[in-house]
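The primary structure of each chain is shown beneath.
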Amino acid sequence: SEEIRMRQITQLEKLREKDRQAKYVSKDDLVIVWEDDSLVVVDKPSGVLTVASEEGIPSLAQCVFENTRNSFSSYDRMVIHRLGTDTSGLM
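Description of the structure in this document. Keep in mind the model is a prediction, meaning the values are calculated, not measured. (Residues numbered from 1 in each chain as written. Predicted model: local features only at pLDDT ≥ 70, side-chain atom pairs only at ≥ 80, totals over all residues. Heavy atoms only, no water.)

So, a nonpolar patch on the surface
Quick note on the threshold: Grouping into patches uses exposed residues only, defined as over 30% relative accessible area, and leaves out salt-bridged ones; the cut-off is 9 Å for like charges and 5 Å for nonpolar side chains (Val, Leu, Ile, Met, Phe, Trp, Tyr). For the accessible areas, the method is Shrake-Rupley and the probe is 1.4 Å, while residue cover comes only from the protein chains on display. We define a salt bridge as a contact between a side-chain nitrogen of Lys or Arg and a carboxyl oxygen of Asp or Glu at a distance within 4 Å. Numbered from the N terminus, helices here are DSSP runs of H or I no shorter than four residues, and strands are runs of E no shorter than two.
The grouping of Val31, Val33, Trp34, Leu39, Met78, Ile80 and Leu90 at the surface amounts to a nonpolar patch, some 740 Å² of accessible area in total. Topologically, Val31 is positioned in the loop between α1 (2–20) and β1 (32–35).

Written out as structure tokens, the structure is:
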């Protein structure tokens, strides 16, 4: 129904607004725990998005892709799991 659709749109906008407030991760903030020719493991700090919901929002994935030595094509770069913005841990 229209009411359900409007509630979904409202909830999605709230989530996007929270995403826009995510912390920026610089190269200096990036903690690489493991890196080889096919895998990169990093320590995700709390307050950082794993993957951006829209262009222009900072994310850990973007920081890793821009600052690691791996030369994979964009088709080979992928996040294999995600942690919530407020959650920290290895990825």
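Let's talk about the pairing of β1
So the rule is basically this: For two strands to be treated as a pair, DSSP must find no fewer than two bridges joining them.
One ladder, built from 3 bridges, connects β1 with strand β2 (residues 40–44); its direction is antiparallel. Pairing of Glu35 across the sheet is with Val40, part of β2.

A closer look at the sheet that holds β1
Strand order in this open sheet of 3 strands is β1-β2-β3, and the pairing throughout is antiparallel. Edge positions in the sheet fall to β1 and β3 (89–90), since each of these pairs with one other strand and no more.

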